[in-house]
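Next come the chains, spelled out residue by residue.
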Amino acid sequence: MQKYIGILGIAVLLGVAYLLSNDRKAINYKVVGIGLIVQLCLAFGVLKIQFVENIFNFIGRFFVQILNFTRSGSEFLLGNMMNVQSFGYVFLFQVIPTIIFFSALTSLMFYLGVIQVIVKGLASVLTRLLKVSGAEGLCVAGNIFLGQTEAPLMIKAYLEKMNRSEMMLVMIAGMSTVAGGVLAAYIGFLGGGDPVKETEFARHLLAASVMAAPGAIVIAKILYPQTEEINSNIVVSKEKIGTNILDAIATGTTEGLKLAANVAAMLLVFVAFIAMVNYVLGDLIGQYSGLNDYISLHTPYKKFSLETILGLIFSPLMWVIGVAKEDVMLMGQLLGIKLAASEFVGYIQLAELKNAANAVHFTEQKSVIMATYMLCGFANFASIGIQIGGIGSLAPNQRKNLSEFGLKAVIGGSLASLLSATFAGLLY
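Thresholds applied
Residues numbered from 1 in each chain as written. Predicted model: local features only at pLDDT ≥ 70, side-chain atom pairs only at ≥ 80, totals over all residues. Heavy atoms only, no water. UniProt positions renumbered as here; feature names shortened; annotations may be inferred. 1 Å grid on protein atoms, 1.4 Å probe; cavity = no way out; pocket = protein on both sides within 12 Å on 5 of 7 lines; lining within 4 Å. Points joined across faces, edges and corners; volume = space filled by probe spheres on them. Helix = DSSP H or I, 4+ residues; strand = E, 2+ residues; numbered from the N terminus. Nonpolar A, V, L, I, M, F, W, Y, C, P; charged D, E, K, R; others polar. Expected span 1.5 Å × (residues − 1). Buried < 20%, exposed > 50% of the residue type's maximum accessible area, 1.4 Å probe, protein only. Contact = heavy atoms within 4.5 Å.

Looking at an unreviewed UniProt entry, one finds the chain named NupC/NupG family nucleoside CNT transporter and attributed to Lacihabitans lacunae. For the record of the chain, the UniProt heading Subcellular location (unreviewed entry) holds the text "Cell membrane". Recorded in UniProt under Sequence similarities (unreviewed entry), the annotation for the chain is "Belongs to the concentrative nucleoside transporter (CNT) (TC 2.A.41) family."

Right, here's the structure in full:
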């Protein structure tokens, strides 16, 4: 029965979106149904059909190969310090260079028009299947590869004229997916330098990012249904990154360096803050109140901590989407950390929790897979500011909508990611 509880979870997730909808009577249930079927088919293909699994593995090996290319550049700068066997898996050395190189590669592919061709093809499928506008389809498809402020560049000419329903989808699509650069980074440290594990996690992370596209449309069109006429024309804005190939690579490298520095600084601060909060909760409050002993006996944790609080808050939701009861608090912890800090911190904790040698770890491999899908998105409170600043600079007249929709977009992005995780759990 536990396996099929996820069906109830899907109903609960859709119910939350329904309760938050601004116009329940206008919801197009046909679009919702088709979107859910597309998500289900993608999950079924990746987890149950060898041919589809092989396709995702092939694309995943491309990402793994990029990691190898990055290591070549890193070894030139860092020498033997890149040796995992000698120095262990050092996050700064193994992950940060990946973000920089992939950013440069993405910039080059954008300049050459490769990304635009792929995205336009995916957008045409989304537009026909799910009855979204051409601009929406382009942005949603672009978010599979690009970040939440880069993908809107592809529809820059349309942003100012978008209605509120379309803008809601643009925001939720950005919140429910991740950029290619950080996707490659996640593959790197979840795989821990093992090519086999890297390929496996690459397949699931790619599937999560692709599944998030129809999921974002389903949730966005429940939260803010489309009532205006739909313009299905698909025209990519003529935005270029750089004036030539070398300039495109240089621009991408610079942007990647900024992103990598931001990620490193953010992780340092958030991990340090979590440690500080846990010291107060566990070593002071928990120890002197006797709460640590109770928690150690009745939960997976050894003492009172921020993870304990988040795990308790979100564990009912984790149970209803089909997570094993032994792992619900650990999954709840990851969702809470993702919302409060970022998915990067969440994946760092997942890398620890999936290791059975650690004192606190997942008991089922299904939980690891579901967590991989659940964390694959930018839905956190900091992203509200990022979208207001990034998309708002492209379309100043939309700043009011961006500010108004911020919290709802975080919830929508989280619901889309949770839908993907639930489907993965049902079929695993």
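Back to the text.
### Considerations on the layout of surface pockets
Approximately 900 Å³ is the volume found for the largest pocket. The wall of the largest pocket is formed by 35 residues, among which G147, T149, E150, A179 and L259 lie closest to the centre. Only α6 (96-112), α11 (180-191), α13 (245-289), α17 (343-353) and α19 (381-394) provide two or more residues apiece to the lining of the largest pocket. Ranked by residues supplied to the lining of the largest pocket, first place goes to α13 with eight residues. Here the residues of the lining of the largest pocket are counted per class, giving 16 nonpolar, 14 polar and five charged. Roughly 770 Å³ of internal volume is contained in the second largest pocket. If you trace the second largest pocket, you find 28 residues lining it, with I118, L122, I144, F145 and V210 closest to the centre. Elements that contribute at least two residues to the lining of the second largest pocket include exactly α2 (29-48), α3 (50-78), α6, α7 (114-130), α11 and α12 (195-223).

### So, the UniProt feature "domain: Concentrative nucleoside transporter N-terminal" (unreviewed entry) in the chain
Summarizing the sequence annotation, UniProt attributes the feature "domain: Concentrative nucleoside transporter N-terminal" (unreviewed entry) to residues 8-81 in the numbering used throughout. Within the segment residues 8-81, helix and strand shares are 82% and 0% respectively, and the terminal C-alpha atoms sit 49 Å apart.

### As for α11
Side chains of residues three or four places apart in an α-helix project in the same direction, reflecting 3.6 residues per turn. Counted at 1.5 Å a residue, the expected span for α11 with its twelve residues is 16 Å, and the 16 Å between its end C-alpha atoms agrees. Those residues of α11 that fall on the buried side of the exposure criterion are G180, G181, V182, L183, A184, A185, Y186, I187, G188, F189, L190 and G191. In this structure, the buried side of α11 is in contact with α3, α5 (91-94), α6, α12 and α17. Downstream of α11 by a residue or two, G192 has a phi angle that is positive, lying close to 60°.

### Describing the environment of L330
Tracing the chain through its elements places L330 in helix α16 (residues 328-340). With 59 residues separating them in the primary sequence, L330 and V271 have C-alpha atoms 17 Å apart. The contacts of L330, once residues within four sequence positions are left out, are P300, Y301, L353, V360, H361 and F362.

### What to know about empty space enclosed by the protein
Within the structure shown, the criterion is met by one cavity of 30 Å³ or more. Its volume calculated, the largest cavity comes out at about 60 Å³. Lining of the largest cavity is provided by eleven residues; of these, L67, T70, R71, Q94 and T98 occupy positions nearest its centre. Mapped by element, the contributors of at least two residues to the lining of the largest cavity are α3, α5 and α6. A total of four residues in the lining of the largest cavity trace back to one element, the largest contributor, which is α3. For the lining of the largest cavity, the class distribution of residues is five nonpolar, five polar and one charged.

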